[in-house]
Amino acid sequence: MANETLRAVRGMNDILPAGIGLWQHFEAVIRDWLASYGYQELRTPILEHTGLFKRAIGEVTDIVEKEMYTFVDELNGESLTLRPEGTASCVRAVVENNLLYDGGKRLWYQGPMFRHERPQKGRYRQFHQVGIEALGYAGPDMDIEHLLMTARLWKMLGLAEFVVLEINTLGGAESRASHRQKLIEWFEAHQDQLDEDSRRRLYSNPLRILDTKNPAMQDLVEAAPKLIDELDAAAMAHFDAVRQGLDAAGVAYRINPRLVRGLDYYNYTVFEWVTDKLGAQGTVCAGGRYDGLVAQLGGKPAPACGFAMGVERLLALMAESGQNPPGAVADAYVVNVGDAATRFAVLAAEALRDAGLKAVLHCGGGSFKSQMKKADASGARFAVIIGDDEAAAGEASVKPLRGEGPQQRVGLAELAGIITKE
RNA sequence: GCGGCGGUAGCUCAAUGGUAGAGUCCCAGAUUGUGAUUCUGGUUGUUGUGGGUUCGAGUCCCAUCCGUCGCCCCA
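Note that the structure is a prediction, hence the values are computed from the model and not measured.

**As for the nonpolar core**
Alright, step 1. Core analysis: the largest hydrophobic core is formed by 48 residues, its most contacted members being V91, L135 and F187.
Alright, step 2. When residues of this core are assigned to their parent elements, the largest contribution, six residues, is made by helix α4 (residues 87–96).
Alright, step 3. When neighbours within four sequence positions are excluded, F187 is seen to be in contact with L194, L202, P206, I209, L210, L220 and A224.
Alright, step 4. By size, the runner-up hydrophobic cluster in this structure holds 41 residues, among which are W33, A134, M149 and M318.

**Examining the protein's contact with RNA strand B**
Alright, step 1. Of all residues adjacent to RNA strand B, which total 48 residues, the nearest are R123, R201, R208, D389 and L401.
Alright, step 2. In RNA strand B, atoms within 4 Å of the protein come from the sugar-phosphate backbone in 58% of cases.
Alright, step 3. A distance of 2.7 Å is found between a sugar or linking oxygen of RNA strand B and a side-chain nitrogen or oxygen belonging to R115.
Alright, step 4. In the environment of RNA strand B, a sugar or linking oxygen lies 3.1 Å from a nitrogen or oxygen atom belonging to the backbone of G310.

**Some thoughts on the layout of surface pockets**
In this approach a probe as big as a water molecule rolls over the atoms, and the regions it shows empty are the leftover space.
Alright, step 1. Of the voids in this model, the second largest pocket is the one considered here, and its volume is about 580 Å³.
Alright, step 2. As for the second largest pocket, its lining consists of 27 residues, and the residues nearest its centre are R176, R180, L207, D264 and Y266.
Alright, step 3. Contributions of two or more residues to the lining of the second largest pocket are made by α6 (173–189), α8 (206–209), β9 (267–274) and α11 (293–296).
Alright, step 4. Of all the elements, α6 adds the most residues to the lining of the second largest pocket, at six residues.
Alright, step 5. For the lining of the second largest pocket, the residue count by class is 12 nonpolar, nine polar and six charged.

**Describing the domain arrangement of chain A**
Alright, step 1. Segmenting chain A into domains produces domain 1 (4–172 + 231–320) and domain 2 (332–418).
Alright, step 2. Centre-to-centre separation of domain 1 and domain 2, based on C-alpha positions: 48 Å.

**Some words on the pairing of strand β14 (residues 382–386)**
Alright, step 1. Within β14, five of the five residues are buried, which leaves it mostly tucked inside the rest of the structure.
Alright, step 2. Burial along β14 is two-sided: the residues F382, V384 and I386 and A383 and I385 are all buried.
Alright, step 3. Across four bridges, β14 lies against strand β15 (residues 395–400) in antiparallel orientation. Bridge pairing in β15 places F382 opposite P400.

**Describing the pattern of salt bridges**
Alright, step 1. Summed over the entire model, instances satisfying the criterion amount to 18 salt bridges.
Alright, step 2. Here R409 ties to E395 by a salt bridge, and the two come within 2.9 Å at their closest N and O atoms. With R409 in strand β16 (residues 408–411) and E395 in strand β15, this residue pair connects regions lying 14 residues apart in the sequence.
Alright, step 3. Assessed through its relative accessible area of 25%, E395 is described here as partly exposed.
Alright, step 4. Here the residues in one salt-bridge network are R31, E41 and R43, joined through shared partners.

**A short note on the packing of helix α1 (residues 20–36) against helix α12 (residues 311–320)**
Alright, step 1. Where α1 contacts α12, the axes come no closer than 11 Å and their chain directions differ by 110 degrees. Taken together, the axes of α1 and α12 lie roughly perpendicular to each other. In this structure, α1 meets α12 at a crossing whose hand is right-handed. Mapping the contact onto sequence places L22, W23, H25 and F26 in α1 and V311, E312, L314, L315, M318 and A319 in α12.

Cut-off values and rules
- Residues numbered from 1 in each chain as written.
- Chains lettered and ligands numbered in written order.
- Predicted model: local features only at pLDDT ≥ 70, side-chain atom pairs only at ≥ 80, totals over all residues.
- Heavy atoms only, no water.
- Core = buried A, V, L, I, M, F, W, Y, C linked by side-chain atoms within 4.5 Å.
- Buried < 20%, exposed > 50% of the residue type's maximum accessible area, 1.4 Å probe, protein only.
- Helix = DSSP H or I, 4+ residues; strand = E, 2+ residues; numbered from the N terminus.
- Contact = heavy atoms within 4.5 Å.
- Near = heavy atom within 4 Å.
- Polar contact = N/O pair within 3.5 Å; in protein donor to acceptor, adjacent residues only side chain to side chain.
- 1 Å grid on protein atoms, 1.4 Å probe; cavity = no way out; pocket = protein on both sides within 12 Å on 5 of 7 lines; lining within 4 Å.
- Points joined across faces, edges and corners; volume = space filled by probe spheres on them.
- Nonpolar A, V, L, I, M, F, W, Y, C, P; charged D, E, K, R; others polar.
- Domains from an automatic or database assignment.
- Pairing = 2+ DSSP bridges.
- Salt bridge = Lys/Arg side-chain N within 4 Å of Asp/Glu carboxyl O.
- Axes fitted to C-alpha atoms, helices over the stretch in contact; angles between N-to-C directions.
- Parallel < 35°, antiparallel > 145°, perpendicular 65-115°, else oblique.
- Left-handed = near helix turned anticlockwise from the far one by under 90°.

So this is what it looks like as structure tokens:
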């Protein structure tokens, strides 16, 4: 086993060739899907000033308090942080580059995110997200677009039967504040019934108490003040419109009044797509509206909403459902035995590539038998066989490896024509 | 960060405290120029790491690292 310092950092994984086919398939689907909705890709740095995440995500959230990879750049004393999520960077880039000067923008990004949590299946310290953000759109039509987008994506990925949609509304800032105050008062009055976790959260994140799995507290939680009673008419109308949009499109959902997001910037619509196939890390996609964030990060006030997907979790679901697409395989594997044959095989392989084919040239010598085994194991559809006989004649033998068919011997000019494209 | 379980060949797994093994994979041969089946032979290890107990430790004890399940958190 490798020395500790020569191992990957805990919770950060290599993605090996054997598993890359699923990633590439996923990424190809994602690109088609986003293009079909007219979203444009945005790429931001992995590293940001620490203050960005503190302001965007919230000082008292778990992410900021104990999960960020924050360090001081010793060359200039700046405090920097590996991004734990993508929305903050996206909004920062939008504000910094005035991207909303000519109206709303539909954006997406993908890449690694970093959180210092204890690794578990579906939870890694470096993990990947695909995020979608729509900025400058206030109406429920955009919330609906996002929900329909996600529903379509599950179909495209073959996951529709494994995930269910939960939605909720958090209302505006005022509603949330007054609800929070009433919650604190309610739980203060029933402190004797709170468990240890809940007492700890009472003032830091009282909304989370509603999410408790402690059966002894269910009655108390059920009777607690409900956010829906605090919602103003505008928030209710927005939520109703979102629901009508889902109904009209035939997207099933469950209203979960206890659904709250762990990041401070959300308001109005929030949602999660969850699965029961991945154990404790069952959320594969989540998001919602965050109308205050652009202004909070110094931009001209602009409404916004978006969501992010956990790529590793979605891939785990796809694998669970039996999907295992192969990585790229060559059209031809070029077998060569003998010095003259090896020199000629280089040219034969180049000729195949000139014709737009994928060709793997056998390197390293070995018997015909061992090279044929490599050709078979490579998955290539044809073996192009070159010995000194062929080399002397300027020809190559072509043998189909997958289907029936005779072995043929042809000159270089005809070689590519025999190897059919798939 | 907390609790439970686990870690033996590249992979999947065996091995009463007493010589570390099998299957698979890989390599070679049977077939002196031809893969996927078959047969024969061969390589593969600081038993995660470091201590301790013992005549003797893969096995028991402690620590640590890593994984896994749950909590927590979240995508």
